[in-house]
Amino acid sequence: MILTSKVFGISIEAIVIILLLLIIILGIALFFTYKQTIYISRKYYALMKGKKARDLEQTILTRFKEMDKVKANERKITKEHKKFKGHLDSCYNKMGLVKYNALNDKTGDLSFSLCLLNDEDSGIVLNTMHTNQGCYVYAKEIIKGESYIAISSEEKEAIKKAITSNNNIKSIIEEEPEETFEIN
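Below is a short write-up of the structure. (Residues numbered from 1 in each chain as written. Predicted model: local features only at pLDDT ≥ 70, side-chain atom pairs only at ≥ 80, totals over all residues. Heavy atoms only, no water.)

**A word on the side chain of Ser111**
Item 1. Turning to its location among the elements, Ser111 is positioned in strand β4 (residues 111-117).
Item 2. Separated by 2.8 Å, the side chain of Ser111 and the backbone nitrogen of His130 make a polar contact. (Helix = DSSP H or I, 4+ residues; strand = E, 2+ residues; numbered from the N terminus. Polar contact = N/O pair within 3.5 Å; in protein donor to acceptor, adjacent residues only side chain to side chain.)

**Observations concerning the pairing of β4**
Item 1. Buried residues dominate β4, accounting for five of its seven residues.
Item 2. Summarising the sheet, strand β3 (residues 94-100) and β4 pair through seven bridges and their orientation is antiparallel. Bridge pairing in β4 places Leu97 opposite Leu114.
Item 3. Sheet topology note: the β4/strand β5 (residues 123-130) ladder contains six bridges and is antiparallel. What sits directly across from Leu114, in β5, is Leu126.
Item 4. The antiparallel pairing of β4 with β5 creates a hairpin that spans five residues between the two strands, and Asp121 there sits at a positive phi of about 60°. (Buried < 20%, exposed > 50% of the residue type's maximum accessible area, 1.4 Å probe, protein only. Pairing = 2+ DSSP bridges.)

**Some words on the nonpolar core**
Item 1. Among the nonpolar cores identified, the biggest contains eight residues, and these are Val98, Cys115, Leu117, Val125, Ile142, Ala158, Ile159 and Ala162.
Item 2. Within the residue set of this core, elements represented by two or more residues are β4 and α3 (153-164).
Item 3. Tallying contributions element by element places α3 first for this core, with three residues.
Item 4. Excluding residues that lie within four positions of it along the chain, Ile142 makes contacts with Leu117, Asp121, Ser122, Gly123, Ile124, Val125, Ser147 and Ile159. (Core = buried A, V, L, I, M, F, W, Y, C linked by side-chain atoms within 4.5 Å. Contact = heavy atoms within 4.5 Å.)

Structural data, given as structure tokens:
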């Protein structure tokens with residue numbers, strides 16, 4: 001028997017089919033909601049297993065104390081980093097080395113000039129001359145890339161190498177630490 005009556009201009013068969021589709025969609029939504037509830041319940045019971053409210057509060061307070069210690073340690077390290085960075089200017093962090101044969105004889109390239117400079121291109125140049133009679137070492141002061149004492153061509157070359165050397169140490173130390181998150 002086919003019903004031919006209409007409700008709001010729609011046949012009853014169409015209304016029944018629409019309602020059945022809505023019931024099926026709601027059933028599927030109910031199934032997924034139930035699965036999600038079970039998943040959340042398992043996580044909740046795993047978190048609360050063997051814990052009372054006071055135990056959970058103690059755990060949270062312990063974590064906050066640990067975070068405070070980490071923040072204090074980070075401040076200490078940052079302060080030390082700035083202190084070391086300040087001392088870097090006075091450290092020798094540029095080097096130039098030139099090996100040479102002092103007397104053009106059988107001794108070979110055993111003589112050398114070593115220049116050690118800081119950021120302001122001030123420091124020392126060491127000249128070691130190896131001869132048949134012995135080994136002689138001379139030290140000369142360098143101020144802002146210049147020597148006020150006569151220097152050899154090898155010493156000039158060592159100074160030039162030191163001034164133009166790639167300053168990797170300074171570039172590493174001068175990097176600012178990454179921003180940290182403040183927890184209030």
